[in-house]
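Architecture at a glance
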Amino acid sequence: MRKIELRKGKKKTLSTQEEIWREVEKEERKKRRIENKYYYIIGALFAIMFCSMIGYFSYFLVYGREEIINNQYNTRTNDMAKNIIRGDILANDETTVLAKSEEDIDGTVHRSYPFANVFAHPIGYSTKGMTGIEKQENSLLTKVDVGIWEQIVNDITGKKVKGNNVVTTLDVGLQQFCYNALGDHIGAVVAMNPKTGEVLAMVSKPDFDPNPEALDAAWESLTSEENTNANLMNRATQGHYPPGSTFKILTDIEYIRENPDTWQNFSYTCNGTFHYNDLVMNCHEGHAHGTVNPRTALSLSCNGAFATMGLSLNRSNFTELCEAFGFNRQLDTEISHKTSSLTFSDESSDWDIIQTSIGQGKTMVSPLHMAMITSAIANDGKMVSPYLVKKVVAEDGTVVKEATIKESDPLITEEEREKIVDFMTAVVTEGSGYRAGSKYAQVAGKTGSAQYGTEGKMHAWFTGFAPVEDPQIAITIILEGGGSGGDVAAPIMGQIYDYYFSTHPVE
């Protein structure tokens with residue numbers, strides 16, 4: 001019994017000791033858990049900071065790098081430029097120089113633009129800040145893509161080396177012809193390949209001479225508040241205009257889409273004036289078009305017919321179609337541009353819908369965007385992303401960067417496209433745009449006379465593509481305050497098409 005008691009006693013003593021150790025371990029674990037909690041929190045904070053930093057650098061490399069590097073206030077770029085002679089900017093033939101830098105005997109580098117005003121807006125300038133391609137490709141124009149050892153030697157010796165050359169999509173002959181054809185008009189011309197997105201010509205007037213000496217001399221005048229001409233603004237990309245009757249292309253598409261089996265039955269008798277409640281709208285110059293259908297309404301640009309069609313449309317669906325064609329969003333292009341806007345909804349008044357259906361009201365668009373819409377119709381309904389830079393090439397001929405064709409899924413069906421192309425062809429063969437025709441190719445297009453202000457003034461539009469059977473070029477013209485699109489813009493369009501196809505024969 002004693003042994004047992006002893007053992008029991010010893011056992012009891014052991015048990016008590018174990019309990020003490022368990023309590024100690026329990027307290028230690030509790031303390032460690034508290035300490036570990038703080039470690040976890042600190043570790044989590046560091047992990048979040050690390051992930052945020054990685055995320056920022058990833059964003060920077062993918063999206064923000066070019067913007068930051070090309071910023072005119074980036075001192076690193078300025079430091080790089082001290083040892084690098086800015087690369088050339090070339091036309092699409094890869095030999096004609098549009099911008100170049102030359103070093104004097106004393107080491108001073110001068111930037112020059114051989115064509116002066118002709119390419120001013122798309123090429124830009126690099127002395128009073130940066131614009132155009134000079135800004136878009138600044139990081140590559142001031143970068144030397146050579147071997148590491150050559151870079152080291154150049155850095156040690158301080159030898160000035162030439163940066164990469166930029167090859168554009170611009171056609172010298174076409175650019176010069178468009179520039180001359182625009183004459184003294186205020187406005188813009190955009191010409192692009194509807195299948196690839198290559199911008200073949202981009203003209204904006206009034207313009208300026210980007211050569212440093214000329215720009216310095218004119219800078220005060222160009223930036224003066226008294227100068228209302230906005231010479232420095234690229235109207236082709238930054239201009240914001242009511243589209244006028246060019247917008248009727250989309251109204252017609254939506255009407256056909258909503259009435260696939262009955263659109264042919266639409267009929268409207270035009271006497272030159274459209275009445276809605278107490279409101280009155282006239283066709284251009286009060287022309288009475290007689291009885292029209294969706295095809296002849298587009299070819300004759302009958303406001304009353306499109307107002308009637310517009311009132312019957314599902315507003316949500318119409319908005320969806322227009323936004324698919326690029327309204328109310330940034331366009332998929334590296335070219336800096338102003339966003340086109342369309343502001344109507346189910347809550348909009350009937351009069352707002354009437355105005356929108358004929359391209360008036362609050363709808364605004366840039367010439368570049370209108371050229372993209374036209375190109376989409378030419379390109380089987382697929383909208384291509386326009387671009388000005390074909391490739392960037394190092395001095396040794398290595399291609400550093402090369403453009404790729406980007407296009408959307410079809411925005412319209414093949415049946416819808418066939419009908420709207422037929423309608424747009426009728427605009428030129430038998431309608432308001434007959435002056436835009438070419439002796440070398442069949443042109444499809446649409447005139448536009450867009451009212452602005454309160455004095456009844458009009459911008460003159462024409463947008464179109466050719467040849468109809470195999471489109472090679474799409475062109476959009478706007479003349480600020482030009483008047484009738486059919487009378488003023490269409491003849492210029494015809495001249496441009498004649499020039500282009502005389503130098504680029506249709507096969």
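Here is what the cut-offs are and how they apply
- Residues numbered from 1 in each chain as written.
- Predicted model: local features only at pLDDT ≥ 70, side-chain atom pairs only at ≥ 80, totals over all residues.
- Heavy atoms only, no water.
- pLDDT = per-residue confidence, 0-100.
- Contact = heavy atoms within 4.5 Å.
- Pairing = 2+ DSSP bridges.
- Helix = DSSP H or I, 4+ residues; strand = E, 2+ residues; numbered from the N terminus.
- Buried < 20%, exposed > 50% of the residue type's maximum accessible area, 1.4 Å probe, protein only.
- Phe/Tyr/Trp six-rings, centres within 6.5 Å; stacked < 30°, edge-to-face > 60°.
- Lys NZ or Arg CZ within 6 Å of the ring centre and 35° of its normal.

Here we come to the confidence of the model for the protein. For the protein, the mean per-residue pLDDT works out to 88, and 86% of the residues sit at or above 70. Below pLDDT 50 for its whole length, residues 1-14 participates in five contacts with residues either more than four positions away or in separate chains.

Further remarks concern the pairing of strand E4 (residues 109-112). Of the strand pairs in this sheet, strand E3 (residues 97-103) and E4 are connected by four bridges, and their pairing is antiparallel. Across the sheet, residue Glu102 finds its bridge partner in E4, namely His110. In sequence, E3 turns back onto E4 through a hairpin of five residues, with Gly107 there showing a positive phi of about 95°.

Before going further, it helps to examine the side chain of Arg417. Inspection of the secondary structure assignment puts Arg417 in helix H16 (residues 414-430). Under the relative-accessibility criterion, Arg417 is labelled buried at 10%. If sequence neighbours within four positions are ignored, Arg417 has contacts with Ile377, Ala378, Asp380, Gly381 and Ile412.

Let us now look at helix H14 (residues 350-357). What H14 keeps buried is the set Ile353, Ile354, Gln355, Thr356 and Ser357. Where the residues of H14 are buried, they touch helix H10 (248-258), strand E10 (273-276), strand E11 (279-282), helix H12 (303-312) and helix H13 (315-324). Where H14 terminates, the next one or two residues include Gly359, which has phi positive at roughly 80°.

Enumeration over the complete set of coordinates arrives at twelve aromatic pairs. Each ring, one from Tyr125 and one from Trp219, has its centre 6.0 Å from the other, and the planes form 85°; the classification is edge-to-face. Pair noted here: Tyr125 is in the loop between helix H3 (120-123) and helix H4 (132-136) and Trp219 is in helix H8 (residues 212-222), with a separation of 94 residues, a long-range link. Relative to Phe501, the ring of Tyr500 has its centre 5.4 Å away and its plane inclined at 80°; by these criteria the two rings are edge-to-face. In this pair, the class of Tyr500 matches that of Phe501, namely buried. Taken together through their ring pairs, the aromatic side chains of Phe247, Phe318, Phe327 and Phe344 make up a single cluster. Over the ring of Tyr179 we find Lys205; its NZ or CZ atom is 3.9 Å from the centre of that ring.

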